[in-house]
Amino acid sequence: MFKYHHLWELIFLLLTTVVCWKYALHLHSQSLLDVQSNSTNIHSPLLNDAVRTFGTSQITDQCENMFHFVQVTDLHVSRYSKVGGLAHLKVFLKNELPLIAPDLVLCTGDLTDAKSSHTLTSIQHREEWVAYHSALDNSSVLLRQDSRFWWDQRGNHDCWNIPAFKSSENMYRTLSAVQKEGYAFELKKDFGTYSFIALDGCPETGAGRPLNFFGYFDTKDMDFLATSLIKSIHGNHNHTFGMSHYPTGTTLFGKTSDGIGFWQLSHHFSIWFCGHLHKLAGGLGETMYAYQDNSMLELELGDLKTHGLFRIIVVDHDLISFVDLPIDSPKIPLGKNQNFEFNRAPIVLITNPKDARFIIPGREPTYLIKTSTHIRVMIWSLKKIKKVTTFIDDHLFESPARYNGIGNPWSSIQSLDEQEPNLPLYVIKWNPLDYNDDLDHVLTVVAEDEFGLKANHTVKFRFDGQRITDMEAGPGGFIISIPFGLVFKDLFLLFYVVVTVIFLLIPKLFVLMTDMVDTYQFWKNQTSKMLISIDQNSQLYNRMLFPSVRQRLQHRWNDFKFTMVGSFLRFCELSRKKDIFYPLYLFSLYITVGPWFIGDFVPNSDFEGKRYGWLMTYGIWFDDGRWEPVLDTWVFAWYGLLYALFPLTFYLSFCVTKPTLLYAASNIRVTSPIHTRWYSKLIVGFALVYHLLDTVSYSIFYGYQATLLSPGKTWISLWAIYKLWHLSFDPKLPSVVVKVEKSQ
């Protein structure tokens, strides 16, 4: 007999699902309005291949056609930290910078730490910004090269609790060197022009921590990038360098007004300089280099804050070489006001031959290496260099090295009358044709000063212009090549489909359709018989001493079949419990259309509508109607599915299913189901306590309303506690029924 009430329930379920998912797509598109262009008419010279023509100047022993610059990142000048940070910055400015004497310095973000005294929350401290500005001012770097020496930009710490760039809370606007949101500049030399483009990936409205880790480039940023690149292309600039605090893997990329994406523009960059990841943890990020889109070299630099790192980049006949190294100090991290004698070992950097692991296809004249007359090495040293030793393929290279550089270290960083860069070039005569065999070769140069301090640099080279694909970057190279934002979006969608569609919707549709024609009970009985039969066969197999290969394969198949069919039966039984199914399913729909919680994201906001916001899956929606499509919210939503809805749904499916439907009477799981055992309950108890503490913790970050007005965390957690407690004492609980039946 056809049951119409099941039909009406089916229509309600499908209609509700379609409406919610359609509105979810609308919200997602709205959240990306500021980063996505709707233009489909794309005609731009930027889409053409970035093919450059190079000069034919031979690489000789002359100190010409070369310059160098330095990168630092993640300074984290802190009001509360007793080590690193400001101490490392002062050592770098006082000791390292005068020795290297570069043309300019790139400082790629996180200038200050902006954490509270207990480090849990964030706040912009004027004392930190004053300390940063004073360090620059006292060292006179703000005046060098006509105030075109120190180029800094914001990081995520610098935009925590910032309602807008023009806000008085944004002290980068007044106490940094550049004070601009994004900028581009040129370095002009007798032998060419070099472009530097800095993009600010900070959100327009910067929420407080922790939901402010990822950055994004909106249409305004992308238009600025495109305009700067067009100028570089028309000017036939030798190299174009990009810089941002955020690695590309932690950035959401918008499009230009005419619909061009970042990766369509990236082949115009030679190198993308960034920071942000602090070498990760456990040594995973010791070396974070990668070729993005198989053309742009991305170089993430570890922090100056804790690790004391900086990078020297040399452009020699348009061949780019670099070395990352820590500041010289008795220990790292260094304590505040700790005095010591600067006694650095020499810094060695080979510029010719170019390291083939870092060749930038189409952007460098690698053919010049084959016709070069000398190996070229930069050696910065406090003391006189006593000896330079060269090894090629572990064999001593007899040709002597001689100094042919120009310039000297600055006597101090404050000596503004000393502006010329220090290019300590050492040259070693060689015949490159001796190694022109299409094989990889290893060159090592060791420098020793008059006090016996030694340092070395090693490169791998070849003469066919081919890149050595193994950059030896380890796990860091793999990690930096991952587009984390897209990965977390995909993970959210994957778990959402598993929980909402596979665990809940499909079983419910099956139950409704079979209930309409009154066949569900028959299917359930037949399925139960099959599962019990498989379980009996499995028990027989476990008693076999030497099962045959065929029996083993059959057992594996039966195990898989039991798991799949048994799980589906459990979810079908769950879907019949309306007091459990509908809260779970409606919650899974809700998180696509409603806020997880409402919070005080920018407590000190001096802009109306820029303080309170709704944390949605697709970003943060503020009271002024503007979306901030930060990728952090996708991580938050995925985390909510992975650690809350996914395990809760799975566990409840066990709670509502009689063990006798799946197992033979002889199976211990009939009298002692897994979900009723003490360790299962202990795990569930710990999970519930964790989720309660997690919900409360957000009141620390984003105010009490983040806990009270939190359907996505607090409300669902309280419902889960109530339901699990209720099931534990429900006389209709399947495990209780089994025990009662056995006692009778």
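Rules behind the numbers
- Residues numbered from 1 in each chain as written.
- Predicted model: local features only at pLDDT ≥ 70, side-chain atom pairs only at ≥ 80, totals over all residues.
- Heavy atoms only, no water.
- Salt bridge = Lys/Arg side-chain N within 4 Å of Asp/Glu carboxyl O.
- Helix = DSSP H or I, 4+ residues; strand = E, 2+ residues; numbered from the N terminus.
- Buried < 20%, exposed > 50% of the residue type's maximum accessible area, 1.4 Å probe, protein only.
- Pairing = 2+ DSSP bridges.
- Axes fitted to C-alpha atoms, helices over the stretch in contact; angles between N-to-C directions.
- Parallel < 35°, antiparallel > 145°, perpendicular 65-115°, else oblique.
- Contact = heavy atoms within 4.5 Å.
- Nonpolar A, V, L, I, M, F, W, Y, C, P; charged D, E, K, R; others polar.
- Phe/Tyr/Trp six-rings, centres within 6.5 Å; stacked < 30°, edge-to-face > 60°.
- Lys NZ or Arg CZ within 6 Å of the ring centre and 35° of its normal.

Let us look at the pattern of salt bridges. Counted under the stated rule, the structure contains 27 salt bridges. For Asp200, the salt bridge is made with Arg154, and the minimal N-O distance between the two is 2.9 Å. Taken together, the residues span a long stretch of sequence, with Asp200 in the loop between strand S5 (192–198) and strand S6 (215–217) and Arg154 in the loop between strand S3 (150–153) and helix H4 (172–175) at a distance of 46 residues. Accessibility classification places Asp200 together with Arg154 in one group, the buried group. The salt bridge partner of Asp324 is Arg311, with a shortest N-O separation of 2.6 Å. With Asp324 in strand S13 (residues 319–326) and Arg311 in strand S12 (residues 309–316), this residue pair connects regions lying 13 residues apart in the sequence.

Ordered by their spatial adjacency, five strands build an open sheet running S3-S2-S1-S12-S13, and the pairing between neighbours is mixed. Each edge of the sheet is formed by a strand with only one pairing partner; in this case those strands are S3 and S13. Each adjacent strand pair in this sheet contributes to an overall mean axis angle of 20°, direction not counted. Judged from the three bridges that link them, strand S1 (residues 66–72) and strand S2 (residues 105–108) form a sheet pairing that is parallel. Directly across from Val72, in S2, lies its bridge partner Cys107.

Let us look at the pairing of strand S14 (residues 347–352). Counted residue by residue, S14 has six buried out of six residues, so it is predominantly covered. Bridge count for S14 against strand S15 (residues 374–380) is five bridges, and the pairing is antiparallel. Opposite Ile350, over in S15, you have Val377 as the bridge partner.

As a further point, take the packing of helix H9 (residues 484–516) against helix H11 (residues 549–576). Packing of H9 against H11 brings their axes to within 8 Å, and their N-to-C directions diverge by 70°. Taken together, the axes of H9 and H11 are roughly perpendicular relative to one another. Here H9 contributes Phe503, Leu504, Ile506, Pro507, Lys508, Phe510, Val511 and Asp515 to the contact with H11, which in turn contributes Phe568, Phe571, Cys572, Leu574, Ser575 and Arg576. Across the contact of H9 with H11, the residue classes break down as ten nonpolar, one polar and three charged.

Right, let's talk about the packing of aromatic side chains for a bit. Counted by the stated rule, this structure contains 73 aromatic pairs. Taking 5.0 Å as the distance between ring centres and 80° as the angle between the ring planes, the aromatic pair formed by Phe581 and Tyr582 counts as edge-to-face. Summarising the burial analysis for this pair, Phe581 and Tyr582 share the class buried. Relative to Trp634, the ring of Tyr618 has its centre 5.6 Å away and its plane inclined at 70°; by these criteria the two rings are edge-to-face. Taken as a pair, Tyr618 in the loop between strand S23 (612–616) and strand S24 (619–622) and Trp634 in helix H13 (residues 632–655) lie far apart in primary sequence, 16 residues in all. Assigned by exposure class, Tyr618 and Trp634 land together as buried. Through a chain of ring-to-ring contacts, the aromatic side chains of Phe67, Phe69, Trp151, Tyr183, Phe185, Phe191, Tyr194, Phe196, Phe241 and Phe273 assemble into a single cluster. A cation sits over an aromatic face here: Arg144 above Trp410, 3.7 Å from the ring centre.

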